[in-house]
Amino acid sequence: MVRFTVLGCGRIGRMHAANLAAHPDAELVSVFDVMEEAASATAASLGVRRAASVAEALTDPAVQAVLIATPTATHVPLIVEAARAGKAILCEKPIDLDIGRVLRCRDEIAGLDPVVMIGFNRRFDPSFSALARRVASGEIGRVEQVVITSRDPAPPPVSYIEGSGGLFRDMMIHDLDMARFLLGEMVEVSATGAVLVDPAIGEAGDVDAAMVTLRAASGALVHVNNSRRCAYGYDQRLEVFGERGMLLAGNKRDTTVEAYLADRTAVREPIQHFFIERYRDAYAAEIAHFVAAVQARRPPRPDFADGLEALRLADAATESHRTGRSVRLQPIS
């Protein structure tokens, strides 16, 4: 049994807390949030204790692991504090928006040798993970092209955009991690973006539509396309093309029922609306992977280095969009 505290009781934190409470090999001991009302409601709904502070949550000898679901700017100090307390750590992405802070965090916790996993949950989506296994098995031979589509149903408030770090770091970072998950290291990034959805997003210094091309060390090419608006729901698709064929993972719907009527044919239910619904199984599998890794004393993936590399790709995409030039990735010390 792995005993947890959850830091952060917003939408993601509440979902993670519920998944932990439901897992047979995990025990949720406490939750904390600076918003006492949110923490109290979460604690009451799950029958656990509301910690009065981060220090109280992390120094509890009954707690072995911490799940960090707080705002991005707090991730680095909480990772450091949790590592010093000897806790295993599962932290939502990204580690930070500033790669310098991420590197300093890496160096600060290195001597503590903590167990750290970063929450790129899409690796654990049943369809995506099955596709990745089949790619790795050689079913379609040498991979030549990957296409990743990720479109949100509607843009977030401009107040969120202003502190998000930009579309490449906030939204596309999941897709950049997926590219690495499928193909390993990337060596070149070329990005372009536009403001096609909401002029206010452009006024805030960001884009709401983007396309990125990456070149993997293997030579394979990756195309990622993002939009902050999608009229038909949360569009999440993956295509891997190889020398012997292609593998596809498509959108999820509540049922597979199709209607054939006089005025329309092959009508299906809408695709699922947003990430909580679409990736419900992925979030549960992510928790299960982390719990099993802690129990077995083996490193979980994606780890801190994966979080660092995803941010490097997002930074490179941001630079490429800004300069209009491709960015070659250099080894990092």
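An account of the accompanying structure is given in this report. The residue numbering used here restarts from 1 in each chain and proceeds along that chain's sequence as written. It should be noted that, the model being predicted, local features are given only for residues of pLDDT at least 70 and side-chain atom pairs only at 80 or more, the latter also being counted only at that level, while totals for whole chains, interfaces and linings use all residues. Side-chain metrics in this entry use all non-hydrogen atoms of the structure; hydrogen atoms and water are not considered.

In this section: helix H4 (residues 75-84). Using a 1.4 Å probe on the protein chains alone, a residue whose accessible area is under 20% of its type maximum counts as buried, one over 50% counts as exposed, and one in between counts as partly exposed. Counting from the N terminus, the helices are the DSSP runs of H or I reaching at least four residues and the strands are the DSSP runs of E reaching at least two. Most of H4 is tucked away, with 7 of its 10 residues classed as buried. Among all positions of H4, only His75, Val76, Leu78, Ile79, Val80, Ala82 and Ala83 are buried. Should any heavy atoms of two residues lie within 4.5 Å, those residues are counted as being in contact. The inward-facing, buried residues of H4 abut strand E1 (2-7), helix H3 (54-59), strand E4 (65-68), strand E5 (88-92) and helix H5 (99-110). Looking at the residues trailing H4, positive phi occurs at Gly86, about 80°.

The term salt bridge refers to a side-chain nitrogen of Lys or Arg lying within 4 Å of a carboxyl oxygen of Asp or Glu. Tallied over the full model, the rule gives 25 salt bridges. Of the charged contacts, one joins Asp170 and Arg228 as a salt bridge, the two residues approaching to 3.0 Å between their closest N and O atoms. Note that Asp170 is positioned in helix H8 (residues 167-170) and Arg228 in the loop between strand E10 (221-227) and strand E11 (235-242), a separation of 58 residues in sequence. The exposure classification of Asp170 matches that of Arg228, with both residues buried. When salt bridges with common partners are traced through the structure, they connect Arg123, Asp177, Arg180, Glu185, Arg301, Asp303 and Asp306 into a single cluster.

Once that is clear, we can look at the side chain of Asp206. With respect to the element layout, Asp206 can be found in the loop between helix H10 (199-203) and strand E9 (209-216). Charge counting treats Lys and Arg as positive and Asp and Glu as negative, with His and both chain ends excluded. As a buried residue without a salt bridge, Asp206 has its nearest oppositely charged side chain in Arg228, at a separation of 4.2 Å. Residues adjacent in sequence count toward polar contacts only when both atoms are side-chain atoms; beyond that, a polar contact is any pair of N or O atoms within 3.5 Å, and within protein one must be able to donate a hydrogen and the other to accept it. Within the local environment of Asp206, its side chain forms a polar contact with the backbone nitrogen of Leu167, the two atoms lying 3.1 Å apart. In this view, Asp206 contacts Ile161, Ser164, Gly166, Leu167, Val195, Ile201 and Arg228; residues no more than four positions away in its chain are not counted.

Attention shifts here to helix H13 (residues 304-323). In an α-helix there are 3.6 residues to a turn, and that puts residues three or four apart on one side. For H13, built from 20 residues, the straight-helix expectation of 28 Å at 1.5 Å per residue is met to within 8% by its first-to-last C-alpha distance of 29 Å. Of all 20 residues in H13, 14 are buried, a share of seventy percent or more. Residue Asp303 occupies the N-cap position of H13, its side-chain oxygen lying 3.2 Å from the main-chain nitrogen of Ala305. Every helix has an expected span of 1.5 Å times one less than the residues it contains.

Once that is clear, we can look at a nonpolar patch on the surface. A cluster of nonpolar side chains, contributed by Phe241, Met246 and Leu248, occupies part of the molecular surface with about 290 Å² of accessible area. Within the secondary structure layout, Phe241 lies in strand E11. Judged by its relative accessible area of 32%, Phe241 is partly exposed. By definition, no residue in a patch forms a salt bridge, and every one has over 30% relative accessible area; like charges are joined within 9 Å, nonpolar side chains (Val, Leu, Ile, Met, Phe, Trp, Tyr) within 5 Å. Areas reported here follow the Shrake-Rupley algorithm with a probe of radius 1.4 Å; residue values treat only the protein chains shown as occluding.

Here we have 6 strands laid out as an open sheet, ordered E3-E2-E1-E4-E5-E6, and parallel in their pairing. Of all strands in the sheet, those with a lone pairing partner are strand E3 (49-50) and strand E6 (116-119), marking the two edges. Inspection of the sheet shows E1 paired to E4 by 4 bridges, in the parallel sense. Residue pairing across strands places Val6 opposite Leu67, the latter belonging to E4. Strand pairing requires that DSSP identify at least two bridges connecting the strands.

Moving on to the pairing of strand E12 (residues 245-249). In terms of strand pairing, E11 meets E12 through 5 bridges, oriented antiparallel. Counterpart to Glu239 in the pairing with E12 is Leu248. The loop that links E11 with its antiparallel partner E12 comprises 2 residues.

Looking now at the environment of Pro199. Its place among the elements puts Pro199 in helix H10. Sequence separation between Pro199 and Met211 is 12 residues; the distance between their C-alpha atoms is 18 Å.

Now for the pairing of E6. Burial of the side chains of E6 extends over both faces: Val116 and Ile118 are buried on one face and Met117 and Gly119 on the other. Two strands pair when backbone bridges link them, and E5 and E6 are joined in this way by 4 bridges, in the parallel orientation. Within the sheet, the bridge partner assigned to Glu92 lies in E6 and is Gly119. The handedness of a crossover follows from its direction of travel: if, with the strands pointing away from the viewer, the path from the first strand over the helix to the second runs clockwise, the crossover is right-handed. What joins E5 to E6 is H5, and the crossover it makes is right-handed.

Honestly, it's all geometry; don't read function into it.
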